[in-house]
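Here are the chains, one letter per residue:
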Amino acid sequence: MEELIGEDHSVVARVIQSGVQCGTHPRIAKPTGRTSEVEAIWIFTLGDGKITKIRPVSDRLGPFSSWAGTGRRLTRSGAERWPV
């Protein structure tokens, strides 16, 4: 978790999710072993001491670009890096 911000009945979490593509996927024929990082924002609405609504926002295309070896992706520092 990179940041956690709360105000009134809302909490926002900014996270970095990372992983290795090691399984099959309908859009990728075989595992590539390539890594990817995705920055995601999660917005939680609270009521009566419980989470009443979750709104996740993330880059869903980025991992496919890095797994396929096309396009650019951002490193944790924000610098652009071309997959090898």
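Fair warning: this is a prediction, and the values are worked out from it, not measured in the lab.

Asks: Would you mind showing me how to read the overall build of the protein here?
Replies: Across its full length, the protein carries one helix and six strands. For the protein, the N- to C-terminal ordering of α and β elements is β-β-β-β-α-β-β. Residues classed as buried in the protein amount to 18% of the 84 residues present. A sequence separation of at least 24 residues applies to 38% of the contacts in the protein between residues at least 6 apart. Summed over its atoms, the accessible surface of the protein is roughly 6,400 Å², and 55% of this surface lies on carbon and sulfur atoms.

Asks: Hey, could you run me through the environment of W42 in this one?
Replies: Looking at the secondary structure, you find W42 in strand β3 (residues 35-47). Remark: the alpha-carbon pair of W42 and R55, spanning 13 residues in sequence, is separated by 5.8 Å. Apart from residues no more than four positions distant in its own chain, W42 is found in contact with V11, V12, A13, V15, Q17, I54, R55 and P56.

Asks: Mind showing me how you'd approach the packing of aromatic side chains here?
Replies: The way to describe two aromatic rings as a pair is by their centre distance and the angle between their planes. The tally for this structure, following the rule as stated, stands at one aromatic pair. Judged by centre distance (6.3 Å) and plane angle (15°), the ring pair of W42 and F44 falls under stacked. What makes W42 partly exposed here is its relative accessible area of 29%. For F44, a relative accessible area of 19% puts it in the buried group.

Asks: In this structure, what is going on with the pairing of strand β1 (residues 3-7)? I would like to understand it.
Replies: Within a regular strand, the side chains alternate between the two sheet faces. Along β1, only zero of the five residues are buried, which leaves the element largely exposed. Where β1 hands over to strand β2 (residues 10-20), the hairpin turn is made up of two residues, of which D8 adopts a positive phi near 50°.

Asks: How do you make sense of the pattern of salt bridges when you look at a structure like this?
Replies: Here the idea is simple: oppositely charged side chains can pair when their charged atoms come close. By the definition in use, this model includes two salt bridges. The residue R14 makes a salt bridge to E39 at a minimum N-O spacing of 2.5 Å. Here the residue R14 occupies a position in strand β2, and E39 occupies one in strand β3, the gap between them amounting to 25 residues. On the accessibility criterion, E39 (42% relative accessible area) is partly exposed. Members of the salt-bridge network, linked through shared partners, are E3, R14 and E39.

The rules behind these values
- Residues numbered from 1 in each chain as written.
- Predicted model: local features only at pLDDT ≥ 70, side-chain atom pairs only at ≥ 80, totals over all residues.
- Heavy atoms only, no water.
- Helix = DSSP H or I, 4+ residues; strand = E, 2+ residues; numbered from the N terminus.
- Buried < 20%, exposed > 50% of the residue type's maximum accessible area, 1.4 Å probe, protein only.
- Contact = heavy atoms within 4.5 Å.
- Areas by Shrake-Rupley, 256 points an atom, 1.4 Å probe, with all protein chains shown as cover.
- Phe/Tyr/Trp six-rings, centres within 6.5 Å; stacked < 30°, edge-to-face > 60°.
- Pairing = 2+ DSSP bridges.
- Salt bridge = Lys/Arg side-chain N within 4 Å of Asp/Glu carboxyl O.

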